[in-house]
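If you want the building blocks of each chain, they are given just below.
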Amino acid sequence: MRKKILLTGGTGFIGSHTAVELINSGFEVVIVDDLSNSRIEVLDNIEQITGKRPHFVKLDLRDFGAIQNVFQNHQIESVIHFAAKKAVGESVEKPGLYYDVNINSLLNLLKLMVDFDVSGIIFSSSCTVYGQPEVLPVTESTPFQPAESPYGNTKQICEEILRDSCNANDHLKVISLRYFNPVGAHESSLIGELPIGVPDNLVPFITQTAAGLRPELKVFGGDYDTPDGTAIRDYIHVVDLAKAHVVALDRSINDLQKSNYEFFNVGTGHGSSVLDVIKSFEKSTGEKLNYNITGRRSGDIEKIFADTSFANRELGWKAEKGLDDMMASAWEWQLQVPKLFPDI
Ligand code: NAD
Ligand code: WQD
């Protein structure tokens, strides 16, 4: 039987793009997802892009028996664990839900990996673990700041669980990828980010505003200590991010890790302000965006961007796509959403 890669949360934004890159690289993919923040139609669209349909099981990762069945029914070689609750604001309202889903899902997977002798896991971590760093750009050794939200805390705790598990078990091989701000969509415009309800994140808010679904974009804060006064982030094209998973998986499978717990910053190394993003959107799409600079959003950090030299050197991976590509693809995707999902 061919060995398979288990993608938890594989119908979601980053998971679906990674599924495409993995299938295109010859891997067989098993997706598990409870569809709480994604749509079953994503499977059709992955199939349309790649010509191959991933295996799919709808389940909640907190359900140990359900995920155990997947390990029983498929010969899993490695795991890529995307599934999580990810809305910062909601995590403040419902911390119990965030700790329950994000931590118990990981614990269930780790237990089953031991039971079924699966050693490799790639974990979706986040630049949120760094908070507002004192020195920029952020390297992998930049210390964590106390988490700003329960969501951020779950990512810190999950990294600690993984580190402790690696200390206790030499057989385990973990790579945490600390994503910066993933945006954009696949060039086919068949998969992309599908926020349910009002988007929290900048780029889907921009594309929905340009599409007339929102009256205006509020730019949160024009008085930061940055060149144009708006906050700075390291936006990375989701396809570049997806490709980082393929190289991380190859590293894990081929036993190329330098230690059994590794962690990498996955960004472009380039900081862009909110106004840079708006300008790039207008330039690359020809659309005019209605926006207004308003007060700061509580809990926001002023600026963060990655030092990616470690990931570039060790993984042999580098983000290739620039902000204009990110914006153009996000807009093409936005235009397709009503056709692909008429009920949204
Ligand atoms: P997403 O919401 O699009 O995808 C997550 C998927 O997990 C969804 O399809 C959802 O239905 C599924 N899921 C949630 N709870 C589940 C459960 N209990 N059981 C099974 N499936 C469940 O999010 P995304 O943007 O693709 O993020 C993927 C991962 O990357 C998450 O762990 C997120 O925290 C992390 N991350 C995302 C960003 C970002 O800005 N998008 C940045 C840093 C890290
Ligand atoms: C980007 C910039 C906003 C919306 C979040 C999570 C973080 C990580 C990535 C998962 C900021 C500004 C936004 C709007 C705006 N996710 N903005 N108007 O805040 O960097 O990080 O996503 O791990 O944990 O916190 O991303 O896209 O929300 O904001 O002006 O309507 O755009 O203030 O400066 P952020 P974002």
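Regarding empty space enclosed by the protein
Right, on to step 1. Counting across every chain of the model gives 1 cavity of 30 Å³ or more.
Right, on to step 2. Here the largest cavity defines a volume of roughly 40 Å³.
Right, on to step 3. Contributing to the lining of the largest cavity are H81, F82, A83, A84, N102, F123, K155 and C158.

Let's talk about the domain arrangement of the protein
Right, on to step 1. You can read the domains of the protein as domain 1 (4–183 + 235–266) and domain 2 (202–233 + 269–340).
Right, on to step 2. Computed from C-alpha coordinates alone, the two centres of domain 1 and domain 2 are separated by 24 Å.
Right, on to step 3. On the side of domain 2, 29 residues touch domain 1, which itself brings 30 residues to the contact.
Right, on to step 4. With both chains or domains summed, domain 1 and domain 2 bury close to 2600 Å², and 67% of this area falls on carbon and sulfur atoms.
Right, on to step 5. On the surface where domain 1 and domain 2 come into contact, there are 2 salt bridges.
Right, on to step 6. K258 serves as the salt-bridge partner of E314, at 2.9 Å between the closest nitrogen and oxygen.
Right, on to step 7. Summed over the shared surface of domain 1 and domain 2, the number is 11 residue pairs in polar contact (both at pLDDT 80 or more).
Right, on to step 8. Looking at the side of domain 1 that touches domain 2, the elements that each hand over two or more residues are β7 (181–183), β10 (235–237), α8 (238–253) and β11 (261–266).
Right, on to step 9. Considering each element in turn, the side of domain 1 that touches domain 2 owes the most residues, 7 residues, to α8.

Focus on the site of ligand 1
Right, on to step 1. Surveying the vicinity of ligand 1 reveals 27 residues, the closest of which are D33, N37, S38, F82 and Y151.
Right, on to step 2. Contacts to ligand 1 include F13, whose backbone N or O atom sits 2.9 Å from an oxygen atom.
Right, on to step 3. Here D34 contributes a backbone N or O atom positioned 3.1 Å from a nitrogen atom of ligand 1.
Right, on to step 4. Mapped onto the shell around ligand 1, the elements with two or more residues apiece are α1 (13–24), β5 (120–126) and α6 (150–168).
Right, on to step 5. It is β5 that provides the largest number of residues to the shell around ligand 1, a total of 3 residues.
Right, on to step 6. The residue makeup of the shell around ligand 1, split by class, is 13 nonpolar, 9 polar and 5 charged.

Quick notes on the site of ligand 2
Right, on to step 1. The immediate surroundings of ligand 2 are formed by 19 residues, with S126, Y151, K218, R233 and D300 found nearest.
Right, on to step 2. Within the side chain of S126, one N or O atom sits 2.6 Å away from an oxygen atom of ligand 2.
Right, on to step 3. A distance of 2.4 Å separates an oxygen atom of ligand 2 from a polar atom in the side chain of R233.
Right, on to step 4. When isolated, ligand 2 has an accessible area of 690 Å², and the protein chains bury 88% of it.
Right, on to step 5. Every element with two or more residues in the shell around ligand 2 is listed here: α7 (202–210) and β8 (217–220).
Right, on to step 6. With 4 residues, β8 is the single largest residue contributor to the shell around ligand 2.
Right, on to step 7. Shared between two domains, the shell around ligand 2 takes at least three residues from each, and those domains are domain 1 (4–183 + 235–266) and domain 2 (202–233 + 269–340).

Calculation rules
Residues numbered from 1 in each chain as written. Chains lettered and ligands numbered in written order. Predicted model: local features only at pLDDT ≥ 70, side-chain atom pairs only at ≥ 80, totals over all residues. Heavy atoms only, no water. 1 Å grid on protein atoms, 1.4 Å probe; cavity = no way out; pocket = protein on both sides within 12 Å on 5 of 7 lines; lining within 4 Å. Points joined across faces, edges and corners; volume = space filled by probe spheres on them. Domains from an automatic or database assignment. Contact = heavy atoms within 4.5 Å. Buried area = accessible area lost by both parts, 1.4 Å probe. Salt bridge = Lys/Arg side-chain N within 4 Å of Asp/Glu carboxyl O. Polar contact = N/O pair within 3.5 Å; in protein donor to acceptor, adjacent residues only side chain to side chain. Helix = DSSP H or I, 4+ residues; strand = E, 2+ residues; numbered from the N terminus. Near = heavy atom within 4 Å. Nonpolar A, V, L, I, M, F, W, Y, C, P; charged D, E, K, R; others polar. Areas by Shrake-Rupley, 256 points an atom, 1.4 Å probe, with all protein chains shown as cover.

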